[in-house]
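# Remarks on the overall topology
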Amino acid sequence: MYYIDPHIHMVSRTTDDYETLAKMGCIAMSEPAFWAGFDRGSVESFRDYFRQLTEFEPQRAAQYGIQHYTWLCINAKEAENVELSREVLAMIPEFLDKPNVIGIGEIGLNKNTVNESTIFMEHMELAIKYEQQILIHTPHLADKYQGTRMILDMLCDDSRIDRSRVLVDHVEEHTVRHVLDEGFWAGMTLYPVSKCTPQRAADIVEMYGTERLCVNSAGDWGPSKPTAVPDFIFEMRRRGHSERLIRKVVYDNPLEFFSQSEGFRFTPPDLSGSQLADA
Amino acid sequence: MPSPMSANEVLDREFLELRAKILELAASFDRLDRSEGLVQDDPRIKLLHQGLDLLQEKGDDRAEQVQLLFSRPYDDNWQAKFQLSR
């Protein structure tokens, strides 16, 4: 089954991973800007990183037939440095017209602090000013519930935000309902240890349905599995769910969400002559 | 959306996996008891015991309840406390 991974950090992965993902049916992916594992020291580090995301990674992906899109921001962890964050925010517009940029992200909260909240709202302003979609990181473990509620408060307090153009990521059992009830898209991240397993993600689909719900691997430099979306597909098949329903979550939904972005110039796979065309 | 699998099918598929997870929990608590030092007053132990109690509850939202148990509380007055303004 062809699928789209809406959240994966390929700068941290090898070219072998691109090949494996292509063999497993990944036809497109989006890569949000994130934390490198250490705090970067200057705005120039981010400029180089954004060049990597907008110039180098799309080429690397294309060698394996994968369409690569990206989101730009300074992540929540480094947002604690307000001065640097504002320098990065001022530089981001240089890259918004690059052909694979589809929005601002992954912005969000990490430890739910004043500085993180301040920079989150400044990212919102940037997205509104440039009519960009937004991809949002929610915190980890004990901070997730509080941080997700805070993020929803900030978004819902601003009437200029188009909720259908915002995806709140890393939802789990205790946050997914809040995100969907407020009219946002929700992403489930499939991680081997934290966040969601493919089994629990399948449970959430069964409990909440398939509308505005996506799954992703968020494969990065830490414990993660870039082929987690196929694991989800396999789990759904084992349970007896239809191909049409599975495809809605792993292909149709990310396509519908991304298609709202001007930068999303997608070439669908040629399914002519395939049984899949009628499935 | 109901699960396409019957309860019997779920049990058939997951019995050994559930058994293994319970065994891992039992072994972890044994390991704690065998180790030197006392942790019974550690708030994390209390949370773990509350989590075990939640598993005995009826309903289909145990996972959500366990998540909330291990979560920091949300205060809907947080923006005023942070003195945030747009």
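The rules we used
Residues numbered from 1 in each chain as written. Chains lettered and ligands numbered in written order. Predicted model: local features only at pLDDT ≥ 70, side-chain atom pairs only at ≥ 80, totals over all residues. Helix = DSSP H or I, 4+ residues; strand = E, 2+ residues; numbered from the N terminus. Rg over C-alpha atoms; globule rule 2.2 N^0.38 Å. Buried ≥ 20, exposed ≤ 12 C-beta atoms within 10 Å, placed from the backbone. Pairing = 2+ DSSP bridges. Axes fitted to C-alpha atoms, helices over the stretch in contact; angles between N-to-C directions. Contact = placed C-beta atoms within 7 Å. Right-handed = clockwise from strand over helix to strand, strands pointing away. Nonpolar A, V, L, I, M, F, W, Y, C, P; charged D, E, K, R; others polar. Domains from an automatic or database assignment. Expected span 1.5 Å × (residues − 1).

Let us look at the overall build of chain B. Each helix and strand counted, chain B has 4 helices and 0 strands in total. The order of α-helices and β-strands along chain B, N terminus first, is α-α-α-α. Computed over C-alpha atoms, the radius of gyration of chain B comes to 19 Å, more than 25% over the 12 Å expected from 2.2 N^0.38 for 86 residues, which places it beyond the range of a compact globule. Each principal axis of the C-alpha atoms in chain B carries an extent, and together these give about 55 × 50 × 20 Å. Residues counted as buried form 1% of the 86 residues belonging to chain B.

All names here are of chain A. What the 8 strands build is an open sheet, ordered β1-β2-β3-β4-β5-β6-β7-β8; its pairing is parallel. Unpaired on one side and paired on the other, β1 (3-5) and β8 (213-216) mark the two borders of the sheet. Pairwise comparison of adjacent strand axes, ignoring direction, gives a mean angle of 25° for this sheet. Bridge analysis of strand β2 (residues 26-32) against strand β3 (residues 67-72) gives 5 bridges, and the strand direction is parallel. Considered in β3, the bridge of methionine 29 is made with histidine 68. Across the sheet, helix α2 (residues 43-62) touches β2, β3 and β4 (101-108), and the angle it forms with β3 is around 170°.

When a strand is regular, its side chains alternate between the sheet's two faces. Residues and elements named next belong to chain A. Counting buried positions over the 5 residues of strand β5 (residues 133-137) gives 5, a clear majority of the element. Judged from the 5 bridges that link them, β4 and β5 form a sheet pairing that is parallel. Directly across from isoleucine 104, in β5, lies its bridge partner isoleucine 134. Once you follow β4 into helix α4 (residues 114-129) and on to β5, the crossover reads as right-handed.

Across the boundary between the two partners, chain B contributes 19 residues, which contact 21 residues of chain A. Of all the secondary structure elements, the ones that give two or more residues to the side of chain B that touches chain A are α3 (62-69) and α4 (78-82) of chain B. The element that contributes the greatest number of residues to the side of chain B that touches chain A is α3(B), accounting for 4 residues. Taken together, the residues of the side of chain B that touches chain A sort by class into 12 nonpolar, 4 polar and 3 charged.

The next point concerns the domain arrangement of chain B. By domain assignment, chain B separates into domain 1 (1-37) and domain 2 (38-69). On a C-alpha basis, the centroid separation for the pair domain 1 of chain B and domain 2 of chain B is 15 Å.

To continue, consider helix α5 (residues 144-156) of chain A. Helix length check: α5(A) (13 residues) gives 18 Å between terminal C-alpha atoms against 18 Å at 1.5 Å per residue, within 8%. For α5(A), the full list of buried residues reads Lys144(A), Tyr145(A), Gln146(A), Gly147(A), Thr148(A), Met150(A), Ile151(A), Leu152(A) and Leu155(A).

Once that is clear, we can look at the environment of Val229(A). All names here are of chain A. Secondary-structure assignment places valine 229 in helix α8 (residues 228-239). We classify valine 229 as buried; it has 33 C-beta atoms within 10 Å. Residues valine 229 and glycine 105, 124 residues apart in the sequence, show an inter-C-alpha distance of 20 Å. The contact partners of valine 229, leaving out residues within four places of it in the chain, are Tyr3, Asp5, Leu190, Val215, Asn216, Ser217 and Val250.

The next subject is the pairing of β4(A). Residues and elements named next belong to chain A. The element β4 is largely enclosed, with a buried count of 8 among its 8 residues. As judged from the 3 bridges shared by β3 and β4, these two strands associate in the parallel manner. Among the inter-strand pairings, leucine 72 is bridged to a residue of β4, identified as isoleucine 104.

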